Structures are given as C-alpha cells and as structure tokens.
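# Fold and geometry: a report
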Amino acid sequence: MRKVDGGTGTNTLNVNNQGDSVGRGVNITPTAMTGLGSGINYSNLENINLNMGSGDDQVLAVATMTTSVFVDGGGGTNRFGQDFSNDTNGLNLTINLQNSALDGDMTYADVQEIQLILGVGDDTVTLTNLSVSSTTRVIVDGGGGTNIVNVNNQGDTVGRSVNIAEIAITGLPVAINYERVETMNLYLGSGNEIISADGTVTASVFVGGGGGMDSFVQDFSLRTDDLSLSVNLQDFEIGRAHV
C-alpha cells in the first residue's frame, strides 16, 4: 500500500492507470483508493485525478469525500458511481447530465454509466438535460425510505418511444435503471411521444407529455392474474399510472 501525505498547501494526487487493459473495480474513500494494482493511502489532499485504462472499469466514490475527484474512464465501457448508503437523512439531489458531474465536486469524462446508491432516508433524485448527456445510462438504487426519481427531458425536441418497465426506462437519450424507487415522474419534451408503461410496474408513475401529440399506453400483457381496473378520465389515471 502506497502512502501520500500532501502536507500543507493545496495538493493534487494524479493517478495514471492508462496503460492497464484489465477492467478494474475501484473504490475511493476519504483516506484510500483500492482496486488498482496497488492501493493508495492518502491525507491532506484537495484534488484527486484518476485516469483509467482500456478495460471496462467501475469506480465508486463515497459521498463523504471532501476532496475534488475527477475520473477519466479511458477506453471500454465505464461506470462512475457515488455511494450515499451510509446517509441516514433524506437527500435531494439534482444531477445535470450536461455538466458531466455527480453531487458535490465529482466530475468525469469518458464514462458511459453513472450510478447513485442512496441511503435509508426519503430521497429525491432529479435528472436533467438528458438530450445533451455524454453518458448513456443512469443507475439509481433508492436504498431504504420512500424515494422519488424525477426525469426531466423537457429540453428534448425529438419525438421518443419510451417504455417504462419495473426496473428500467428505455427510449430516452439516456437509459435509466432503478430499484427501490416508489415514485417515478417523467417530464418529456416538445416532440410527438409514445409512452408505454408495463402493467407490472409497482412504483407510482407520472408522465408529463410536454408539447407535441403524445400517446400513453399501459401494457398488461405480461400479467397472469385477474385484473380489476379503474380508469379515471377526469384525472387521467390508470391504475398506478398518471398522465
């Protein structure tokens, strides 16, 4: 295990793993980085820059980091995640996908997937600017509590065919995988949208169609049990889906 003490001043640790062709699972905490060929213990640092190699890498940083963290995924299909699992308070996070940044001072490049692991409180995550995102997938694990995910694609002018399933939303510029989420709110752009929601979805779903001519379909074809549905046309509500 290598040790770095930055001492006084404003200190930066650059970790260059660009020559590595092996996919790595890297964990970054306030005092150590593990998962590379050699671990690193550090203290008195203000900035950490991690440059990964050509493999499919997964980097996870704990949310209690006080240093600035930058991750360049390099080649391959890479994931950068932020771990809030030890948080016991309710979180209200807004992730602007245009900025290539997670919560706090955590930024990235050449990363195809970002991941948020939430704590035991009642959390709200808002994802914005999907149409100009450099990533292709967002993964949200709500953890405990009662959790809400807001997906804001209102800036998009392209008509989309969107499917809302039990664990994923596809058809947007960025795919969204989720678990332990109780409410999903989806706000669409100005194009002509077709939205389908599987009848197996257990989360409460709200869809704001935005502009254009939009269609909403709830698909119960995968259900094998008997159904008793109430359709409220005044409030545009079908089962647990709202439009």
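So, here is what we can say about the structure in this document. All of these numbers come straight from a predicted model, not from anything done at the bench. What you see as residue numbers is a count from 1 along each chain, following the sequence as written. Where local features are concerned, this predicted model is filtered to residues with pLDDT of at least 70; where side-chain atom pairs are given and counted, the filter is 80 or more; whole-chain, interface and lining totals use all residues. Just so you know, side-chain values use all the structure's heavy atoms and leave hydrogens and water out.

## Some thoughts on the packing of aromatic side chains
The test is simple: Classification of ring pairs uses Phe, Tyr and Trp, with its six-membered ring standing for Trp, and accepts pairs whose centres are within 6.5 Å; under 30 degrees between planes counts as stacked, over 60 as edge-to-face, and the remaining range as tilted. In this text, helices come from DSSP runs of H or I with a minimum length of four residues, and strands from runs of E with a minimum of two, each type numbered from the N-terminal end. Here's how the labels work: a residue is buried when its accessible area is under 20% of the maximum for its type, exposed when over 50%, partly exposed in between, all with a 1.4 Å probe on protein chains only.
According to the stated counting rule, one finds 2 aromatic pairs in the structure shown. Summarising the aromatic geometry, the rings of F80 and Y108 are spaced 6.3 Å apart at their centres and angled 70° between planes, so their arrangement reads as edge-to-face. Placement of F80 in strand β9 (residues 79-83) and of Y108 in strand β11 (residues 106-109) is noted, with a sequence separation of 28 residues between them. Exposure class is identical for F80 and Y108. Each is buried. With centroids separated by 5.7 Å and ring planes inclined at 55°, the aromatic side chains of Y187 and F206 adopt a geometry described as tilted.

## A short note on the layout of surface pockets
Applied cut-off: Only protein atoms enter the 1 Å grid used here, on which a cavity is any set of points holding a 1.4 Å probe that cannot leave and a pocket is any open set flanked by protein within 12 Å on both sides along at least five of seven lines; residues with an atom within 4 Å of a point are listed as lining. Grid points are joined across faces, edges and corners, and a volume is the space filled by probe spheres set on the points.
In this structure, the largest pocket encloses a volume near 200 Å³. What lines the largest pocket is simply R2, V4, L13, N14, V15, N16, N17, L36, G37, S38 and I40. The set of elements that each furnish at least two residues to the lining of the largest pocket consists of β1 (2-5) and β2 (12-16). No other element matches the 4 residues that β2 contributes to the lining of the largest pocket.

## Thoughts on the nonpolar core
Soluble globular proteins: nonpolar side chains tend toward being buried together. Heads up, the rule is: The set of buried Ala, Val, Leu, Ile, Met, Phe, Trp, Tyr and Cys residues whose side-chain atoms join them within 4.5 Å is what this entry labels a nonpolar core. For this analysis, residues touch if any pair of their heavy atoms sits within 4.5 Å.
Within the largest apolar cluster, 54 residues are counted, with the highest numbers of intra-cluster contacts made by I28, M33, Y42, L50, F80, I164 and L172. Residues within four places of I28 in sequence aside, it is in contact with M33, Y42, L50, V59, L60, A61, V62, M65 and V69.

## Re the sheet that holds strand β6 (residues 47-51)
For sheets, the rule is that strands pair by backbone hydrogen bonds, running either parallel or antiparallel. Inclusion rule: When DSSP finds at least two bridges between two strands, those strands are taken to pair. All axes are obtained by fitting lines to C-alpha atoms, using only the stretch in contact for helices, and the reported angles, taken between N-to-C directions, cover 0 to 180 degrees.
Strand order in this open sheet of 4 strands is β2-β6-β8-β11, and the pairing throughout is parallel. Edge positions in the open sheet fall to β2 and β11, since each of these has one partner strand only. Neighbour-to-neighbour, the strand axes of the sheet open up by a mean angle of 10°, direction not taken into account. Bridge count for β6 against strand β8 (residues 68-72) is 5 bridges, and the pairing is parallel. What sits directly across from L50, in β8, is V71.

## Things to note about the side chain of D141
What counts here: A 3.5 Å cut-off defines polar contacts: any pair of N or O atoms within that distance qualifies, except that in protein one atom must be a possible hydrogen donor and the other a possible acceptor, and neighbouring residues in sequence count only when both atoms are side-chain atoms.
As for its placement among the helices and strands, D141 is situated in strand β14 (residues 137-141). You can call D141 buried: its relative accessible area is 13%. There is a polar contact of 3.0 Å between the side chain of D141 and the backbone nitrogen of G143. When neighbours within four sequence positions are excluded, D141 is seen to be in contact with L116, I117, L118, E179 and R180.

## Focus: the environment of L50
By the secondary structure assignment, L50 is in strand β6. Counting along the chain gives 147 residues from L50 to A197, while the straight-line C-alpha distance between them is 39 Å. Not counting chain neighbours up to four residues away, the residues in contact with L50 comprise V15, V26, I28, M33, L36, V59, F70, V71 and D72.

## Here we look at the environment of G55
Here G55 is to be found in the loop between β6 and β7 (58-62). On the basis of relative accessibility, which here comes to 5%, the residue G55 falls in the buried class. Each C-alpha atom, one on G55 and one on G23, is 4.0 Å from the other, the two residues being 32 residues apart in sequence. The residues contacting G55, other than those within four sequence positions of it, are D20, S21, V22, G23, G75, G76 and N78.

## A word on the pattern of salt bridges
Threshold: Here, a salt bridge means any Lys or Arg side-chain nitrogen found within 4 Å of an Asp or Glu carboxyl oxygen.
Counted according to the given criterion, the structure contains 5 salt bridges. The closest approach of N and O atoms between D20 and R24, which form a salt bridge, is 2.6 Å. Residue D20 is classed as buried on the basis of its relative accessible area, which comes to 12%. We classify R24 as partly exposed; its relative accessible area is 23%. The residue D141 makes a salt bridge to R180 at a minimum N-O spacing of 2.9 Å. On the criterion of sequence distance, the pair formed by D141 in strand β14 and R180 in the loop between β18 (175-179) and β19 (183-187) is long-range, its members being 39 residues apart. Taken together, the salt bridges that share partners define one network made up of R79, E113 and R137.

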